[in-house]
Amino acid sequence: MAVALLASLLLALLLLVPSPLSAGGDAHPGYPSGEGTCTVDSDAGGGGFWLRERGPAGRIIDITHAYVPDLPAFAPGAVAGPVVRLKHSMAEGSEYNLSELRMECHTGTHVDAPGHINQDNFAAGLDVDTLDLDVLNGPALLVDVPRNTNITAEAMEFLKIPKGVRRVLFRTLNTDRKLMWKKAGDLSYVGFTEDGAQWLVDNTDIKLVGVDYLSVAAFDHLISAHVVFFKNPDIIPVEGLKLDDVPAGIYNLHCLPLRLVGAEGSPVRCILIK
Ligand SMILES: *[C@@H]1O[C@H](CO)[C@@H](O)[C@H](O)[C@H]1NC(C)=O
Ligand SMILES: *[C@@H]1O[C@H](CO)[C@@H](O)[C@H](O)[C@H]1NC(C)=O
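Residues numbered from 1 in each chain as written. Chains lettered and ligands numbered in written order. Predicted model: local features only at pLDDT ≥ 70, side-chain atom pairs only at ≥ 80, totals over all residues. Heavy atoms only, no water.

In the annotation of an unreviewed UniProt entry, the protein is listed under the name Cyclase family protein and assigned to Setaria italica. Under Subcellular location (unreviewed entry), UniProt gives the following word-for-word description of the protein: "Secreted, Extracellular space, Extracellular matrix". The protein has a UniProt comment under Sequence similarities (unreviewed entry) that states "Belongs to the Cyclase 1 superfamily." (UniProt positions renumbered as here; feature names shortened; annotations may be inferred.)

Printed below as a string of structure tokens:
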């Protein structure tokens, strides 16, 4: 009852407050006069306030997997879901539907924080809330890793990723095998080997390492490759990305983790803008 009341009160308030973006000529007091509309062209300059809708050139590609019960669980035999559970249900007489969210922080598309496999980083408070949004958002390169190999030093050398590139999404055999679509975890996935991780650290400027299965490290190098990455707390692995049917190339990447204070991982919404 209280919730329903509060909701209608909020709605009433929202309807009363004029939205600055719907002004259409009536300049908002916060912005220089006449520039409070959405129609001013970006070339007009003047440093005023304007918004321009993205044209067809700015296509958004969602590279996040949906959080469903059938997401793969890393440990063989484990299950990821149910992720969302109805706690109060109108079908059962409640006045509202209210769900709770329950999953491991490393389920589906997610980021690792530097404390994941490094006790010093964890003790230093380097949780997911401290991750650098400047690393998580910016130009990124999507590359295809040769399908006959894990991400070894040799594979990294072969890819010839130019210096200065800070964000790379590595598409591998995992995408072809549709591993993220299979509920049963598959430990034969492709990931970084220890020497591949070391090669990346020594020879590139990459700070965001995106991969297409649940772990940045191949299973045979599960701990050792993570250890190499997390010796560099400015490197952020983004795992479980949905890279199906996205052409290789350069995009603007946007990844926003939840501010889970104290957690060493978080689900993340990642999109590419072309
Ligand atoms: C509330 O949840 C029940 C059970 O899932 C569903 O049948 C019903 O349509 C939901 N009601 C609303 C208003 O979403
Ligand atoms: C990658 O390494 C895993 C073991 O970590 C292995 O099962 C898999 O076959 C390797 N994949 C390729 C393509 O070499």
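Engineer: If you had to explain helix 6 (residues 194–203) to someone new, which residues and values would you point to?
Structural biologist: Every buried residue belonging to helix 6 is among Gly196, Ala197 and Leu200, and all of these are buried. Along the long axis of helix 6, the arc covered by the buried residues comes to 100°, so they all point the same way. Where helix 6 is buried, its residues meet helix 4 (153–159), strand 6 (167–171), strand 7 (208–211) and helix 7 (222–230). (Buried < 20%, exposed > 50% of the residue type's maximum accessible area, 1.4 Å probe, protein only. Helix = DSSP H or I, 4+ residues; strand = E, 2+ residues; numbered from the N terminus. Arc of directions from axis to C-beta. Contact = heavy atoms within 4.5 Å.)

Engineer: Go over the site of ligand 1 with me, naming the residues and quoting the values.
Structural biologist: The local shell around ligand 1 consists of Leu86, Ser89, Met90 and Asn97. Note that an oxygen atom of ligand 1 is positioned 2.5 Å from one of the side-chain N or O atoms of Asn97. When its residues are assigned to classes, the shell around ligand 1 shows two nonpolar, two polar and no charged. (Near = heavy atom within 4 Å. Polar contact = N/O pair within 3.5 Å; in protein donor to acceptor, adjacent residues only side chain to side chain. Nonpolar A, V, L, I, M, F, W, Y, C, P; charged D, E, K, R; others polar.)

Engineer: How would you sum up the site of ligand 2? Please name residues and give values.
Structural biologist: Surrounding ligand 2, one finds Arg147, Asn148, Thr149, Asn150, Leu173, Ser188, Tyr189, Val190, Ala218, Phe219 and Asp220. Here Phe219 contributes a backbone N or O atom positioned 3.3 Å from an oxygen atom of ligand 2. Here Asp220 contributes a backbone N or O atom positioned 2.9 Å from an oxygen atom of ligand 2. Protein coverage of the free-state accessible area of ligand 2, which is 360 Å², stands at 68%. In the shell around ligand 2, the residues fall into five nonpolar, four polar and two charged. (Areas by Shrake-Rupley, 256 points an atom, 1.4 Å probe, with all protein chains shown as cover.)

Engineer: Please set out the pairing of strand 10 (residues 265–273) residue by residue, giving values where relevant.
Structural biologist: Here is the key point about a regular strand: its side chains alternate between the two faces of the sheet. Within strand 10, seven of the nine residues are buried, leaving the element largely enclosed by the surrounding structure. Two strands pair when backbone bridges link them, and strand 1 (residues 60–62) and strand 10 are joined in this way by three bridges, in the antiparallel orientation. The residue of strand 10 that forms the bridge with Ile60 is Ile273. Sheet topology note: the strand 4 (residues 110–112)/strand 10 ladder contains three bridges and is antiparallel. (Pairing = 2+ DSSP bridges.)

Engineer: Can you explain the pairing of strand 8 (residues 236–239)? Please cite residues and give values.
Structural biologist: Burial of the side chains of strand 8 extends over both faces: Ile236 and Val238 are buried on one face and Pro237 and Glu239 on the other. Pairing geometry for strand 4 and strand 8, over two bridges, is antiparallel. Its bridge partner lying in strand 8, His110 is registered against Glu239. Between the parallel elements strand 7 and strand 8, the chain passes through helix 7 in a crossover that is right-handed. (Right-handed = clockwise from strand over helix to strand, strands pointing away.)

Engineer: Quick rundown of the nonpolar core? Include the residues and the values.
Structural biologist: Formed by 24 residues in total, the largest nonpolar core has its most connected members in Ile63, Val111, Leu136, Leu169, Val238, Leu253 and Leu272. Counting only elements with at least two residues in this core, the list comes to helix 3 (133–136), strand 5 (137–144), strand 8, strand 9 (249–257) and strand 10. Sequence-distant contacts of Val111, that is, excluding residues within four places in its chain, are made with His106, Val128, Leu131, Leu136, Ile236, Pro237, Val238, Pro257, Glu264, Gly265, Ser266 and Val268. Ile161, Leu200, Val209 and Val216 belong to the second-largest nonpolar core, a separate cluster that totals 23 residues. (Core = buried A, V, L, I, M, F, W, Y, C linked by side-chain atoms within 4.5 Å.)

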